[in-house]
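# Residue-level structure breakdown
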Amino acid sequence: MTFQQIKQTLKHRLSARRFEHSVGVSETAVQLAERHSGDVEKARLAGLLHDCAREMPRNTLLHTAQSFGIVMGSIERRELALLHAPIGARLAQTIYGITDPEIIAAIAAHTVGGPNLGQLSVIVYLADYIEPTRSFPGVDKLRSLAQTNLAAAMIESYDHSIQYIISRGGLIHPATVEGRNELLLQRDN
Ligand SMILES: Nc1ncnc2c1ncn2[C@@H]1O[C@H](COP(=O)(O)OP(=O)(O)O)[C@@H](O)[C@H]1O
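Small disclaimer: the values here were computed from a predicted structure and weren't measured. (Residues numbered from 1 in each chain as written. Predicted model: local features only at pLDDT ≥ 70, side-chain atom pairs only at ≥ 80, totals over all residues. Heavy atoms only, no water.)

A few words now on the environment of alanine 46. Secondary-structure assignment places alanine 46 in helix 3 (residues 40-49). The contacts of alanine 46, once residues within four sequence positions are left out, are Ile103, Ala106, Ile107, Leu120 and Val124. (Helix = DSSP H or I, 4+ residues; strand = E, 2+ residues; numbered from the N terminus. Contact = heavy atoms within 4.5 Å.)

Okay, structure coming up:
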């Protein structure tokens, strides 16, 4: 599928709000890729597709994850919405014809992050956080940090996610903690 065909398909499959968010993530990912000498076309596609499974009902997420053989830990079983990221990565391949491993990895990692992320995964994770429709205290600081220092912006995003989940009494996915620890260790060495 071409980029335009994927965009038209998502426009029909997603709510207007989610589609607008996806276009915003795609455009923000392009801007970050330009700024940090990344792959602009991969950023455009991964950003557009990152939430392609976000509106699946919980039951469908569970059954689809099982049918794809996606390994579910206790956190995913409790928080089924997390499955939209690995499922989205599989749908990108099976429905949208994506074969590029970096794009697939970026979609899979966009919600919880993790250690050893490639630059495209970092760009999509941050673009999801700072695209123009996002509004939360600190988003403007994060937007400017993402222009100058991707690793520092990731730490700030992980901190924000972890604090938000704790404020709601939720379970924190270990990949988020591992990703944050890795970046702190690298920063302080
Ligand atoms: N690192 C994490 N660990 C555990 N749960 C998380 C994490 N990140 C997000 N979640 C939860 O997973 C669900 C989906 O998150 P997300 O896709 O980021 O939401 P949104 O629709 O706002 O983009 C939410 O209920 C959120 O609280």
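Our next topic: the side chain of aspartate 128. Tracing the sequence through the fold places aspartate 128 in helix 8 (residues 119-130). Excluding its chain neighbours within four sequence positions, the residues that come into contact with aspartate 128 are His21, Val25, His50, His110 and Arg134.

Once that is clear, we can look at the packing of aromatic side chains. The geometry of an aromatic ring pair is captured by two quantities: the separation of the ring centres and the angle between the planes. Scanning the model with the defined rule gives 3 aromatic pairs in all. With a centroid separation of 5.9 Å and an interplanar angle of 35°, the aromatic rings of tyrosine 125 and tyrosine 129 are classed as tilted. In this pair, tyrosine 125 and tyrosine 129 both sit in helix 8, 4 residues apart, roughly one turn of the helix. An aromatic cluster of at least three residues, connected via ring pairs, comprises Tyr125, Tyr129, Phe136 and Tyr158. (Phe/Tyr/Trp six-rings, centres within 6.5 Å; stacked < 30°, edge-to-face > 60°.)

Size it by volume and the largest pocket reaches roughly 1,200 Å³. Along its surface, the largest pocket is lined by 33 residues, and Arg54, Thr111, Ser161, Tyr164 and Ile165 are the ones closest to its centre. Listing elements by their share of the lining of the largest pocket, those giving two or more residues are helix 2 (16-35), helix 5 (74-78), helix 8 and helix 10 (150-167). What the second largest pocket holds in volume is close to 210 Å³. Looking at the second largest pocket, it is lined by 14 residues, and the ones nearest its centre are Glu76, Pro86, Ala108, Val112 and His173. For the lining of the second largest pocket, the secondary structure elements donating two or more residues are helix 6 (84-94) and helix 7 (101-109). Tallied by class, residues from the lining of the second largest pocket come to 10 nonpolar, 3 polar and 1 charged. (1 Å grid on protein atoms, 1.4 Å probe; cavity = no way out; pocket = protein on both sides within 12 Å on 5 of 7 lines; lining within 4 Å. Points joined across faces, edges and corners; volume = space filled by probe spheres on them. Nonpolar A, V, L, I, M, F, W, Y, C, P; charged D, E, K, R; others polar.)

The sites that carry the UniProt feature "domain: HD" (unreviewed entry) are, in the present numbering, residues 18-133. Spanning residues 18-133, this segment combines 66% helix with 0% strand, and its end C-alpha atoms are found 10 Å apart. (UniProt positions renumbered as here; feature names shortened; annotations may be inferred.)

Now for the site of the ligand. Inspection of the region around the ligand gives 14 residues, with Arg54, His84, Leu171, His173 and Thr176 positioned closest. Between the ligand and the protein, one listed contact pairs a nitrogen atom with a backbone N or O atom of histidine 173 at 2.9 Å. Between the ligand and the protein, one listed contact pairs a nitrogen atom with a side-chain N or O atom of threonine 176 at 2.6 Å. Contact with the protein chains hides 76% of the accessible area of the ligand, taken as 560 Å² for the molecule alone. Of the pockets mapped on this structure, the ligand occupies the largest pocket. (Near = heavy atom within 4 Å. Polar contact = N/O pair within 3.5 Å; in protein donor to acceptor, adjacent residues only side chain to side chain. Areas by Shrake-Rupley, 256 points an atom, 1.4 Å probe, with all protein chains shown as cover. Sits in = over half its atoms within 2 Å of the grid points.)

Another aspect to go through is unusual backbone geometry. Both trends apply: most residues other than glycine have a negative phi, and most peptide bonds are in trans. Despite not being glycine, serine 37 has its phi angle at roughly 55°, a positive value. Although it is not a glycine, asparagine 116 sits at a positive phi angle of roughly 55°.

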